[in-house]
Amino acid sequence: MRLRRLLVAGLAMLAATPAVAKPFPWGAKDKAPSVAGVTLGDTEQHALDVLGPPDDVNVSAMGELLDYGAKGLQLTATKAGGIVAIRLLSAEAGGIGELKVGDSARDVILKWGAPLGGQGRVAQYGTDNWIVIVNLA
């Protein structure tokens, strides 16, 4: 199985989630990893300054979805939280830690250990403040 997508998302409802077993490379007090120069909580303007104008913008009740299709990247931004989700859709988008789209499920387990949770082909890793969702092909 290969990774179809990586997503870094900040979710407040995960505060009751148990600690992640090692070797997940980030701890409870660590900031979410930066992806393509953007980190969760950054302002939308910062993302635009770093990545330039998106290929497409879709507005919904959840916020703005900034689509950088040519870069294999999508960001969700809200006025209150800034960047609240970063989606990597292709290897060209870069990686989260040592993992990128296209890596095998075996690589995920070897590098990050057993997932915190998930269901079916979706594995969740993270901390009390943010998560990485790995969609396995």
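Residues numbered from 1 in each chain as written. Predicted model: local features only at pLDDT ≥ 70, side-chain atom pairs only at ≥ 80, totals over all residues. Heavy atoms only, no water.

A. A look at the overall build of the chain. Each helix and strand in the chain was counted, giving two helices and 10 strands. If you list the helices and strands of the chain from N to C, you get β-α-β-β-β-β-β-β-α-β-β-β. Expressed as a percentage of contacts within the chain between residues at least 6 apart in sequence, the contacts between residues at least 24 apart total 52%. With the model as given, the accessible surface of the chain reaches about 7,300 Å², and the carbon-plus-sulfur share is 55%. (Helix = DSSP H or I, 4+ residues; strand = E, 2+ residues; numbered from the N terminus. Contact = heavy atoms within 4.5 Å. Areas by Shrake-Rupley, 256 points an atom, 1.4 Å probe, with all protein chains shown as cover.)

B. Structural view of the pattern of salt bridges. This model, assessed by the stated rule, comprises one salt bridge. Here K100 makes a salt bridge to D103, at a shortest N to O gap of 3.3 Å. (Salt bridge = Lys/Arg side-chain N within 4 Å of Asp/Glu carboxyl O.)

C. Main features of the environment of G117. Mapped onto the fold, G117 is located in strand 8 (residues 117–119). For G117, a relative accessible area of 26% translates into the label partly exposed. Sequence separation between G117 and I133 is 16 residues, and the spatial gap between their C-alpha atoms is 9.4 Å. With sequence-adjacent residues up to four places away left out, G117 is seen in contact with V122, A123 and Q124. (Buried < 20%, exposed > 50% of the residue type's maximum accessible area, 1.4 Å probe, protein only.)

D. The arrangement of the side chain of D42 in detail. On the secondary structure map, D42 appears in the loop between strand 1 (3–9) and helix 1 (44–51). Only 3.5 Å separates the side chain of D42 from the side chain of H46, close enough to count as a polar contact. In this view, D42 contacts G37, G82 and I83; residues no more than four positions away in its chain are not counted. (Polar contact = N/O pair within 3.5 Å; in protein donor to acceptor, adjacent residues only side chain to side chain.)

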